[in-house]
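# Report on the structure
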Amino acid sequence: MGAPLPVIELLGVEKSFGAVDVLKGVDFAVEPGKVTALVGDNGAGKSTLIKGLAGIQPYDKGIVKFDGKEISIESPRLAASLGIEVVYQDLALCDNLDIVQNMFLGREEVYRGTLNESAMEKKASQTLAGLSVKTVKSVRQKVERLSGGQRQTVAIARAVLRDTKVVILDEPTAALGVAQTEQVLALVKRLADKGVAVIMISHNLVDVFAVADKIYVLYLGKMVAALDAKTTNQNDIVGYITGTKSAQMGNK
């Protein structure tokens, strides 16, 4: 059998802000059931690439394919309708609300004019259980009482509450302790095992190598490497990130 069709494929994508070229003909592909890491130094263009996928800042040029069909992701609403969800580094959770309220914030379920609390609670519990989350005692816990790892878990669960095909995680283990990092990385693996295409942006190469199937490296707006995580190492990746190694695009 050949390689599965990428959920998302970018071909020759460009993005500029005034006279500054941020993305310069970038190629990028994400497969279902795989963890694809996107790494690069600050200013490499990672955030701009992700904002294009999320419909926040559409690309200027290039081809975007979703499930093999050429599309244009013009808005966050369109991205969400395709099944693309982003978990940003700040998580965007409300401390004064409980887990259920956070997971359904802005997309509450209503029955006969009132909030359908029982249905939302059931779906929240089922989503967490489906991800084998066991560290949360009650879905009615206030978020302010959760640990950093538990907060990240809630944010990820919110992202996969509906029919999600792609989850983009922005520095998911930043500021977490060792045990909490292990919990989040295990959750990332389970997402991929459920068939979700996971894009993980991280500066922590230890975490990247713990879960990634493929590693893409951006350097000054150009994609300089696309490598199988099993056939490369941290020293090579650092070389591409810093520009001391030459481009290896197409190396599978």
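First, a word on what this report is: a plain description of the structure on this page. What you see is a predicted model, and the numbers here were worked out from it, not measured in a lab.

### Side note on the overall build of the chain
A tally of helices and strands in the chain yields eight helices and 12 strands. Taking 18 Å as the expected radius of gyration for a compact globule of 252 residues, we find that the chain reaches 18 Å, a close match to that expectation. Residues counted as buried form 46% of the 252 residues belonging to the chain. In the form shown here, the chain has an accessible surface area of approximately 12,300 Å², with 49% of it arising from carbon and sulfur atoms. When the 30 basic and 28 acidic side-chain charges of the chain are each reduced to a single mean position, those positions are 4 Å apart.

### A word on the sheet that holds strand 6 (residues 84-87)
A sheet is described by the order of its strands in space; here six strands give the open sequence 6-9-10-3-11-12, paired in mixed fashion. Every interior strand has two partners, whereas the edge strands, strand 6 and strand 12 (222-228), have only one. Along the sheet, successive strands turn relative to each other by an average axial angle of 20°, direction set aside. As judged from the four bridges shared by strand 6 and strand 9 (residues 166-170), these two strands associate in the parallel manner. In the strand pairing of strand 9, valine 87 is matched with leucine 169. Running over the sheet, helix 6 (residues 178-193) touches strand 3 (35-39), strand 9 and strand 10 (197-201) and is turned about 150° from strand 10.

### Description of the packing of aromatic side chains
Applying the stated criterion across every chain, the model contains one aromatic pair. Ring centres 4.7 Å apart and planes at 75° place the aromatic pair phenylalanine 28 and tyrosine 216 in the edge-to-face group. Placement of the pair is phenylalanine 28 in strand 2 (residues 20-30) and tyrosine 216 in strand 11 (residues 214-219), with a sequence separation of 188 residues. Just as phenylalanine 28 is buried, tyrosine 216 falls in that class too.

### Some words on the side chain of lysine 46
Residue placement: lysine 46 occurs in helix 1 (residues 46-53). At 5.8 Å, glutamate 171 is the nearest oppositely charged side chain to lysine 46, a buried residue that forms no salt bridge. Polar contacts involving the side chain of lysine 46 include one to the main-chain carbonyl oxygen of aspartate 41, which spans 3.3 Å. Residues in contact with lysine 46, not counting those within four places in the same chain, are Leu38, Val39, Gly40, Asp41, Ile201, His203 and Leu218.

### Regarding the side chain of glutamine 141
The residue glutamine 141 is located in the loop between helix 4 (117-130) and helix 5 (148-159) in this model. Glutamine 141 sits in the buried class, given a relative accessible area of 19%. Of the polar contacts made by the side chain of glutamine 141, one reaches the backbone nitrogen of lysine 137; its length is 3.2 Å. Every residue in contact with glutamine 141, bar those within four places of it in the chain, is listed here: Leu97, Asp98, Ile99, Val136 and Leu146.

### Description of the pairing of strand 2
Sheet analysis places strand 1 (residues 8-17) next to strand 2, joined by eight bridges and oriented antiparallel. Bridged to isoleucine 8 within strand 2 is valine 30. In this antiparallel pair of consecutive strands, strand 1 and strand 2, the connection spans two residues, and glycine 18 shows a positive phi of 65°.

### Describing the packing of helix 5 against helix 6
With their axes 8 Å apart at the nearest point, helix 5 and helix 6 run at an angle of 20° to one another. Between helix 5 and helix 6, the angle is such that the two are roughly parallel. Considering only the axes of helix 5 and helix 6, their crossing is right-handed. The residues of helix 6 that touch helix 5, namely those facing Gly148, Gly149, Gln152, Thr153 and Ile156, are Gln180, Val184, Leu187 and Leu191.

### Quick look at the nonpolar core
Of all hydrophobic cores here, the largest spans 37 residues; its most connected members are Val87, Ile99, Met103 and Val167. Mapped onto this core, the elements with two or more residues apiece are helix 3 (99-103), helix 4, helix 5, strand 9, helix 6 and strand 10. Residue contacts for methionine 103: discarding those within four places in its chain leaves Ala124, Thr127, Val154, Ala157, Arg158 and Leu161. Grouped together as the second largest cluster of nonpolar side chains are 30 residues, Ala44, Phe66, Ile73 and Leu218 included.

### Observations regarding the sheet that holds strand 2
Strand order in this open sheet of four strands is 2-1-4-5, and the pairing throughout is antiparallel. If you trace the sheet from one side to the other, it starts and ends with strand 2 and strand 5 (69-71), each paired once. Within the sheet, the average angular offset between the axes of one strand and its neighbour, ignoring direction, is 30°. Both strand 1 and strand 4 (residues 61-66) contribute to a ladder of five bridges, which runs antiparallel. Looking across to strand 4, one finds that glutamate 14 is bridged to lysine 61. Contacting strand 1 and strand 2, helix 1 crosses the sheet at an angle of about 60° to strand 2.

The rules behind each value
Just so you know, the residues in each chain are numbered from 1, in the order the chain's sequence is written. Only residues with pLDDT of 70 or above have their local features reported here, since the model is predicted, and side-chain atom pairs are shown and tallied only from 80 upward, although totals for entire chains, interfaces and linings are computed over all residues. Side-chain measures here rest on the full set of heavy atoms in the structure, leaving out hydrogens and waters. By the criteria applied, helices consist of DSSP H or I runs no shorter than four residues and strands consist of E runs no shorter than two, each listed in order from the N terminus. Here the globule rule reads 2.2 Å times residues to the power 0.38, and the radius of gyration is calculated from C-alpha atoms. A 1.4 Å probe rolled over the protein chains alone gives each residue an accessible area, and that area as a share of the maximum for its type sets the label: buried under 20%, exposed over 50%, partly exposed in between. Note on areas: these come from Shrake-Rupley sampling with a 1.4 Å probe, and a residue is covered only by the protein chains present in the view. The charged-residue count follows a simple rule in which Lys and Arg add positive charge and Asp and Glu add negative charge, with His and chain termini not counted at all. Every charge is mapped to an atom, namely NZ of Lys, CZ of Arg, CG of Asp or CD of Glu. Whether two strands pair depends on DSSP finding at least two bridges between them. Axis definition: a line fit to C-alpha positions, over the contact stretch in the case of helices; interaxial angles, taken between N-to-C directions, run 0 to 180 degrees. The contact rule is simple, with two residues in contact once any of their heavy atoms fall within 4.5 Å. Stacked, tilted and edge-to-face pairs are distinguished by plane angle, under 30 degrees for stacked and over 60 for edge-to-face with tilted covering the rest, among Phe, Tyr and Trp rings (Trp via its six-membered ring) whose centres lie within 6.5 Å. Salt bridge, as applied in this entry: a Lys or Arg side-chain nitrogen positioned within 4 Å of an Asp or Glu carboxyl oxygen. Polar contact criterion, stated in full: a pair of N or O atoms within 3.5 Å, where within protein one must be able to donate a hydrogen and the other to accept it, and residues adjacent in sequence count only if both atoms are side-chain atoms. What sets the label is the angle itself: under 35 degrees gives roughly parallel, over 145 gives roughly antiparallel, 65 to 115 gives roughly perpendicular, and the rest give oblique. Put simply, a crossing is left-handed when the front helix is turned counterclockwise from the back one by less than a right angle, and right-handed when it is turned clockwise. Among buried residues, the Ala, Val, Leu, Ile, Met, Phe, Trp, Tyr and Cys ones that are joined through side-chain atoms within 4.5 Å form a nonpolar core.

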